[in-house]
Amino acid sequence: MTISPGSTPNPRDIHGSSTASTTALGGGPHGTASPPPLPQYSIAAVLTVWAAAVVPMALLAWVVTPMVAGDDASKGRFATVLIAALTCGLVWQTILVLGLVAREQASLRWSVLRDALWLRAPSDDRGRRGGGLWWWVAVFALGFLLVQLVPTGLSEPSDRSLGAFLESTEGQDYVSGAWGWLALVAVMMTFNSVLGEELLFRGLLLPRMRGSFGRHDWWVNGLLTGLYHVHQPWSMPGAAVAGGLFAYPSKRFRSAWMGIAIHSIQNVVLIVLILALVVR
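This section reports on the structure supplied with the text.

What counts, and where the lines are drawn
- Residues numbered from 1 in each chain as written.
- Predicted model: local features only at pLDDT ≥ 70, side-chain atom pairs only at ≥ 80, totals over all residues.
- Heavy atoms only, no water.
- Helix = DSSP H or I, 4+ residues; strand = E, 2+ residues; numbered from the N terminus.
- Buried < 20%, exposed > 50% of the residue type's maximum accessible area, 1.4 Å probe, protein only.
- Areas by Shrake-Rupley, 256 points an atom, 1.4 Å probe, with all protein chains shown as cover.
- Polar contact = N/O pair within 3.5 Å; in protein donor to acceptor, adjacent residues only side chain to side chain.
- Contact = heavy atoms within 4.5 Å.
- Expected span 1.5 Å × (residues − 1).
- Core = buried A, V, L, I, M, F, W, Y, C linked by side-chain atoms within 4.5 Å.
- Phe/Tyr/Trp six-rings, centres within 6.5 Å; stacked < 30°, edge-to-face > 60°.

Brief notes about the overall build of the chain
Each helix and strand counted, the chain has 12 helices and zero strands in total. In the chain, which comprises 280 residues, the share counted as buried stands at 50%. Here the chain has roughly 12600 Å² of accessible surface; of this, 66% comes from carbon and sulfur atoms.

The following block contains the structure:
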C-alpha cells in the first residue's frame, strides 16, 4: 500500500499554450462551455513541483520518524509516528496545490478549482459526461489490484510494513479499541488518495504536462509517481505502474476523479480491515 514543499515554480516560468485544448476539460453533453486551456508547465517546473512533494516525504520518513519515535520505540509507537509524519507530508501537498492554483488563477473559488484541477465528472469526445463512463473505474481498479499482487523482488522492512504490523500479535493488540489510531489512518488515507497525492499528480501536474511531454504525459506522470516514493523505495516499481493506471483514465476522460476513485478503493478496503481489528 502507499502510506503513502520549498520553493515553487512561478507560473510565468511555464510555457503557456493556447492551443493545448486537448488538456482542457471537454464541453458537456448539453452544450456546456469548455473552460479555457490550462497553462502548461515546463519540464523544470514539473520537476520542481515533484521535488517539492518528494523531499518532505523522504525527510519525514527517514529522518523525522526515527528521531521522534526514539531508538527503543515499540512497533506500535513507531507505526504511529510514521503514519503521523507522512500525513503531515501529504497535508503539505494539499497546501502546495492550493498555493499554486491560487497563484495561477488568482482565486480558490470552487468553480475555479473544479476546472484548474480537473475536478469534473469524466467526459469524452462524444460529449458524454458521467454515467456509464464511471464503469471505467472498475476496469482500472482491477488492473491496480493485479499490480499489487505482482512481486517486485524488493523486500519491505518489517518495521515499516503496515501489513506486517497489523498481522502481528503486538500490532493487533495495539490496534484493538484504538479508535484514535483508526482516525489517524483514515486522515492519512484521505490525503493520500483524495486531497494530497492524487490532487497533486492527477489534478495539478497531469493537466499541465502535455506542453512538455505531448501524448506521453500520462505515463511520464505515472513514472514520476513511482519515483516520488523515496519514502518507501521498495514500492517504486509498483507505484510507477499504478500511477500510470491512475493517470491514463484521468487524462482520457479529463477528470482527476478517475484517479482518485481508483486509488481510493484500496484505502477503503484497508480502513474496513483495520476497523475489524479495532472492534474485535
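Re the side chain of Asn-192
With respect to the helices, strands and loops of the structure, Asn-192 is situated in helix 7 (residues 179-195). Of note is the side chain of Asn-192, whose polar atom sits 3.3 Å from the side chain of His-263.

Brief notes about unusual backbone geometry
Peptide bonds are, in most cases, trans, and in most cases residues other than glycine have a negative phi. Despite not being glycine, Trp-118 shows a phi value in the positive range, around 55°. The topology assignment puts Trp-118 in the loop between helix 3 (110-116) and helix 4 (136-149). For Trp-118, a relative accessible area of 2% corresponds to the buried category. For Arg-254, which is not glycine, the phi torsion reads 50° and is therefore positive. The exposure class assigned to Arg-254 is buried, which follows from its relative accessible area of 8%.

Re the environment of Gln-105
With respect to the secondary-structure elements, Gln-105 resides in helix 2 (residues 75-105). Residue classification places Gln-105 among the partly exposed residues on the basis of a relative accessible area of 30%. When residues no more than four places from it in sequence are discounted, the contact partners of Gln-105 are Leu-38, Val-112 and Ala-116. In this structure the side chain of Gln-105 is engaged in a polar contact, spanning 2.6 Å, whose partner is the side chain of Glu-104.

Regarding helix 11 (residues 236-252)
Between the first and last C-alpha of helix 11 there are 24 Å, a value that for 17 residues agrees with the 24 Å anticipated at 1.5 Å per step. If you check which residues of helix 11 are buried, you get Gly-238, Ala-239, Ala-242, Gly-243, Gly-244, Leu-245, Phe-246, Ala-247, Pro-249, Ser-250 and Lys-251. On the buried face of helix 11, the contacting elements are helix 4, helix 8 (197-205), helix 9 (210-213), helix 10 (217-228) and helix 12 (256-279). Immediately beyond the C-terminal end of helix 11, within one or two residues, lies Arg-254, with a positive phi of roughly 50°.

Re the nonpolar core
If you look at the biggest cluster of nonpolar residues, it comprises 56 residues, and the most contacted ones within it are Leu-166, Trp-181 and Ile-274. Looking at this core, the elements that each hand over two or more residues are helix 1 (43-69), helix 2, helix 3, helix 5 (162-167), helix 7, helix 8, helix 10 and helix 12. If one sorts the elements of this core by residue count, helix 2 sits on top with 11 residues. Not counting residues up to four positions away in its chain, the partners in contact with Leu-166 are Gln-172, Val-175, Trp-181, Leu-270, Ile-274 and Leu-277. Counting residues in hydrophobic clusters, the runner-up holds 12 residues, among them Leu-133, Phe-144, Leu-245 and Ile-262.

Side note on the packing of aromatic side chains
By the definition in use, this model includes nine aromatic pairs. Ring plane angle 80° and centroid distance 5.0 Å describe the contact between Phe-144 and Phe-246, whose orientation is recorded as edge-to-face. Highlighted residues: Phe-144 in helix 4 and Phe-246 in helix 11, separated in sequence by 102 residues. No difference in accessibility class separates Phe-144 from Phe-246, as the two residues are buried. A centroid spacing of 6.0 Å and a plane angle of 65° characterise the contact between Phe-165 and Tyr-174, whose relative ring orientation is edge-to-face.

Function cannot be inferred from these measures alone, as they are strictly geometric.
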